[in-house]
Every structure is written in structure tokens, then in C-alpha cells.
Amino acid sequence: MTARPDFYRFHNGEKAPLQFSDAEYEARLSKLRKIMSDMDVDAAVFSSMHNISYYSGFTYCAFGRPYALVVTQETSVTISAGIDAGQPWRRCFGDNITYTDWQRDNYWRAIKSVAGTGKSIGFESDHLSLLQKAKLDSFLAPSQSVDLYEATMIQRMHKSSAELTLIRAGAAVADVGGFAIKDAVRVGAREIDVAMAGRDAMEVEIAKRFPDAEYRDTWVWFQSGINTDGAHNPVTSRKLERGDILSLNTFPMISGYYTALERTMFVGEVDDASLKIWEANVGAHELGISLLQPGASCAEVTGAINEFFAERDLLQYRTFGYGHSFGVLSHYYGREAGLELREDIGTVLEAGHVISMEPMLTIASDQPGAGGYREHDILIIHEDGNENITKYPYGPDFNVVG
């Protein structure tokens, strides 16, 4: 055991085609290195799934193990666990080092081999735990530690043309899942059965559009009745009944990029009280879409939708913000928190931003019109307006189904 290495390079096989070109990753790293230079950072040590994926193309599966990307002015190196063998090398832009489990903290020894000691080290305060930050300080003995969380988030918020192409494709895949769900809705069907129909349709579509990709993590939250009250409520085996409110939520994942489609639906019929709430939420959705223009601030858009709901005595039923940024994102990593539609975010919309409009109202089960009402479209901000890349129809005319 004493002869076994702390880390090594296991470059097994040839590099696989990544979702983006080498030139795209080189451009991202060039911008990052400019940030590092401006902030006097010698080496950036990224630990989050979103930044590692964004700058290298490798999206890790942690299973309790730490991963990293170390970037200097000369190199970029992913740091991966031995359990993954050569897959991180094949699926990353740049170099890769594998650390072993033979002794604790070989992960940090591998990072040290690239970053060195006594240097100015960049890190991510929104991801690095207190435990791991202490180990960074111990192993790397940085001359200073510089938080790169906000600067890298702002870089990711501005999408390249290649990213926009991928995000458009993801929105189209989400629509495919939506239509499959619509076709599967019927009285007596279980939520899980409907959800699987949507997920399977999206997986097939992703494989058709992206034959060289890795496939994982595409999912559906399909909710009915009282289960619609929360936006992220898990799927159950509840059987659909006539008159049920439904929430359709499809989430394709393509090479670390998440897109979404969300719609209110009803089984067979919709009562008057529910229709009134639904139409109000659709009205807020349409207003919000019209307001997502270059030069508008997130807070201003939020305030206008708040006023719309308040005029109808519905604002108290809102449960979260009205939208968020899209890109390298998932339900368990990422979040460009500087681009969210909330009252306290003053970010001004710019060309290259991608943001959702997704108002939701939740009415308690003891009130008329009970349930969760949610519409969700994805919009690309351009110099002269916005582009709605979600095509599945919203509203009562199309979504009283089964």
C-alpha cells in the first residue's frame, strides 16, 4: 500500500466530443483568466458542479466525494475521484488528475500539485464548506483567499451563441415532454405513470438531437389535486380524478444545462372558481413576459406583477419569485442568484440573459379554486426585445384534457 500513489493521470481512451467546441471553452477560460488577473488571483479552485461544468464540460457525480477544477493562467485541470476512472478525462476540456482513496485528503494533495502553495487562491464561498475551506488553507497556505462566487456567476449569466443554441434545443425537448404528458392524462392514471410518459419522451428526443452526449437526470414533476400546492412536490401514485387540477413540469437535462416547461391543467373540466384563478395567473404570466425587456430591472418587473395580483386580491397567494436565470443549472446544483425576479434584486436585464417567467398562486384546500396554478416560459433577452423559446400552449383553451 505504501507504494500506491496519492494521485495520478489516468487518461484512458480518447477525448469524447463535448457539447461545446474547444473554442467555446477557450473563450470561457480566457474571460475567467481576465477576472483572475483583475482580482489578483494566481489559481482558482472551483468545487461546485456548475462552475466545473461551465469551464471544463465535466459534470461530476459526487456520491460523497469532492471534485475540483483548478485554473491558472497556464492550465486548467479537473480533479476527480478514482472511482470514475477515465470518464472525467474523456469528458473534460483540458487536463485531468485522478486522486486515490488510499489516504485521507489526497484530493487536496492533487489540487496542491497544480495550484502550488503560498499563492493567491480563488474559491467559491457559495459552495466550499467550512471544513473544506480549512483544508484549503492548510494544504495551500494561500497568501490571500479571494471569493470568485459573484464574478463567475455574472460571467455565466451572459450566454454565448452556442449556449443559446443548446438552451433553445432544451426548451424544444421540454415541449416534447409536455405533449407526451397531455396525451397520457386520463381519469384513473397515476401521477407516476403520466410522469414516466413525459420523461421517456424527452430522453428519446435528447438522444436523437444529441447522439454524442451523456444522458442523465432528465425528470418530470407531475402533480395532481392537493399535490399541486408546492412547485417542487415529488411525484406520487395518486390516481387522477375528473375535475382535478394538474401541474405539468418537465425538466430535460442536456450536458449540465437545465430547461423547463410548466403548465396548469385540469382533468376533463374546470369549475368557475378555479377558472377565475387560472385566468388571473395567465394574465400575470402574459404581463410578465411583456415586461422582460432589455433595460428593465428584476425588481421593477417583480413590482409590476405584484401590483397586478394585488389589484385582484391575489398577492397573498404568491409563494415564490417570478422567474430565474437559465444555463448550467439543476435541481441540485447551480443558481445564478443575481438574475432572479424578486423584490430585492436590482439586476438590469441585458442581451444574452436567459430568464423564466413563472408566476404561481397556491389556494388552500378549504377554499374555492383550491390548488397550485403555475405557468412557465423561458425567454432570451435581445438588444431589441425578448424571444420566447417555449412553444407548448398555456391556458384553459388547450389544457383542459383527458
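Residues numbered from 1 in each chain as written. Predicted model: local features only at pLDDT ≥ 70, side-chain atom pairs only at ≥ 80, totals over all residues. Heavy atoms only, no water.

A.B. asks: Would you explain the overall build of the protein in this entry?
C.D. replies: On a plain count of helices and strands, the protein comes out with eleven helices and 18 strands. A compact globule built from 402 residues would reach a C-alpha radius of gyration of about 21 Å, and the protein, at 23 Å, matches this within 12%. Counting only C-alpha atoms and orienting by the principal axes, one finds that the protein spans roughly 75 × 40 × 35 Å. Looking at the protein as a whole, 54% of its 402 residues qualify as buried. Considering only contacts within the protein whose residues lie at least 6 apart along the sequence, 68% involve residues at least 24 apart. Carbon together with sulfur atoms contributes 51% to the accessible area of the protein, which is approximately 16400 Å² in total. A distance of 7 Å separates the average location of the 37 positive side-chain charges in the protein from that of its 55 negative side-chain charges. (Helix = DSSP H or I, 4+ residues; strand = E, 2+ residues; numbered from the N terminus. Rg over C-alpha atoms; globule rule 2.2 N^0.38 Å. Buried < 20%, exposed > 50% of the residue type's maximum accessible area, 1.4 Å probe, protein only. Contact = heavy atoms within 4.5 Å. Areas by Shrake-Rupley, 256 points an atom, 1.4 Å probe, with all protein chains shown as cover. Lys, Arg positive; Asp, Glu negative; His and termini not counted. Charge placed at Lys NZ, Arg CZ, Asp CG, Glu CD.)

A.B. asks: Got a minute to help me understand the sheet that holds strand β17 (residues 385–388) in this structure?
C.D. replies: As a general point, the strands of a sheet are linked pairwise by backbone hydrogen bonds and lie either parallel or antiparallel. Overall, antiparallel pairing links the three strands, which are arranged β13-β16-β17 in an open sheet. The open sheet has two free edges, formed respectively by β13 (354–357) and β17, since each of these has just one partner strand. Ignoring which end each strand starts from, the neighbouring axes of this sheet average 35 degrees apart. By the bridge criterion, four bridges tie β13 to strand β16 (residues 377–382) in an arrangement that is antiparallel. The residue bridging Ser356 from the neighbouring strand is Ile378, located in β16. Each of β13, β16 and β17 is contacted by helix α7 (residues 161–184), which is oriented at about 155 degrees to β16, the strand it contacts most. (Pairing = 2+ DSSP bridges. Axes fitted to C-alpha atoms, helices over the stretch in contact; angles between N-to-C directions.)

A.B. asks: So what exactly am I meant to see when it comes to the nonpolar core here?
C.D. replies: One finds Phe46, Ile79, Ile111, Leu140, Val185 and Phe222 to be the most contacted residues of the largest nonpolar core, which totals 87 residues. Per-element tally for this core: the top contributor is α7, with nine residues. Leave out the neighbours within four places in its chain, and Phe222 touches Ile181, Val185, Glu191, Val194, Ala195, Val235, Leu240, Leu246, Ser247 and Leu248. Of all hydrophobic cores here, the second largest spans 30 residues; its members include Met153, Ala296, Leu339 and Leu361. (Core = buried A, V, L, I, M, F, W, Y, C linked by side-chain atoms within 4.5 Å.)

A.B. asks: Just checking my understanding: could you explain the pairing of strand β2 (residues 43–46) for this structure?
C.D. replies: The two faces of the sheet receive side chains in turn, since in a regular strand these alternate between them. Where burial is concerned, the two faces of β2 agree: the one with Ala43 and Val45 and the one with Ala44 and Phe46 are both buried. The sheet contact formed by β2 and strand β6 (residues 120–123) spans two bridges and is parallel. Each bridged residue has a counterpart across the sheet, and for Ala43 the counterpart in β6 is Ile121.

A.B. asks: What am I meant to see in the state of the cysteines here?
C.D. replies: Chemically, a disulfide is nothing more than a covalent bond linking the sulfur atoms of two cysteines. For the coordinates displayed, the defined rule picks out zero disulfides. Between Cys61, a cysteine without a disulfide, and Cys92, which holds the nearest cysteine sulfur, the sulfur-to-sulfur distance is 16 Å. (Disulfide = S-S within 2.5 Å.)

A.B. asks: Please explain the environment of Thr319 as it appears in this structure.
C.D. replies: Along the chain, Thr319 falls in the loop between α10 (298–311) and β13. Relative accessible area serves as the criterion here: at 47%, Thr319 is assigned to the partly exposed category. For the pair Thr319 and Met360, spaced 41 residues apart in sequence, the C-alpha separation works out to 6.8 Å. Ignoring sequence-local partners within four residues, the contact set of Thr319 consists of Met360 and Thr362.

A.B. asks: Looking at this structure, how should I read the environment of Ile226?
C.D. replies: The residue Ile226 is located in the loop between β8 (219–224) and β9 (245–251) in this model. The sequence separation of Ile226 and Ile355 amounts to 129 residues, and the corresponding C-alpha distance is 28 Å.

A.B. asks: How should unusual backbone geometry be read in this particular structure?
C.D. replies: What you tend to see is this: most non-glycine residues have negative phi, and most peptide bonds are trans. At Phe63, a residue that is not glycine, the phi angle is positive and equals roughly 45 degrees. Residue placement: Phe63 occurs in the loop between α2 (49–56) and β3 (68–71). Residues other than glycine seldom take positive phi values, yet Asp217 does so here, at roughly 75 degrees. In this structure, Asp217 sits in the loop between α8 (191–209) and β8. Here Asp217 falls in the partly exposed class, since its relative accessible area comes to 29%.

A.B. asks: Help me understand α2, please; the structure alone is not making it clear to me.
C.D. replies: Of all eight residues in α2, eight are buried, a share of seventy percent or more. Of all the residues in α2, the buried ones are Met49, His50, Asn51, Ile52, Ser53, Tyr54, Tyr55 and Ser56. Backbone geometry just downstream of α2 places Gly57 in the positive-phi region, at approximately 85 degrees.

A.B. asks: Honestly, the packing of helix α1 (residues 22–38) against helix α6 (residues 149–157) in this entry has me stumped. Any pointers?
C.D. replies: Two quantities define a packed helix pair, namely the angle between the axes and the distance from one axis to the other. Between α1 and α6, the shortest axis-to-axis distance is 11 Å and the interhelical angle comes to 145 degrees. As for how α1 packs across α6, the hand of that crossing is right-handed. Together, Arg28, Lys31, Leu32 and Ile35 of α1 and Ala151, Thr152 and Gln155 of α6 make up the contact between the two elements. For the contact of α1 with α6, the class distribution of residues is three nonpolar, two polar and two charged. (Left-handed = near helix turned anticlockwise from the far one by under 90°. Nonpolar A, V, L, I, M, F, W, Y, C, P; charged D, E, K, R; others polar.)

A.B. asks: Looking at this model, I keep getting lost on the side chain of Ser120. Mind explaining?
C.D. replies: For Ser120, the location among the structural elements is in strand β6. In this structure the side chain of Ser120 is engaged in a polar contact, spanning 2.6 Å, whose partner is the backbone oxygen of Asp40. (Polar contact = N/O pair within 3.5 Å; in protein donor to acceptor, adjacent residues only side chain to side chain.)

A.B. asks: For this particular structure, what's the right way to read α8?
C.D. replies: Compared with an ideal rise of 1.5 Å per residue, which puts 19 residues at 27 Å, α8 spans 27 Å between its outermost C-alpha atoms and is within 8% of the ideal. The set of residues buried in α8 consists of Glu191, Val194, Ala195, Gly198, Met202, Glu205 and Ile206. Within α8, the buried residues cover an arc of 105 degrees as seen down the axis, which keeps them to one side. Within α8, the exposed residues directed more than 90 degrees away from the buried face are Val204 and Lys208. The elements touched by buried residues of α8 are α7, β8, β9 and β10 (253–254). (Expected span 1.5 Å × (residues − 1). Arc of directions from axis to C-beta.)

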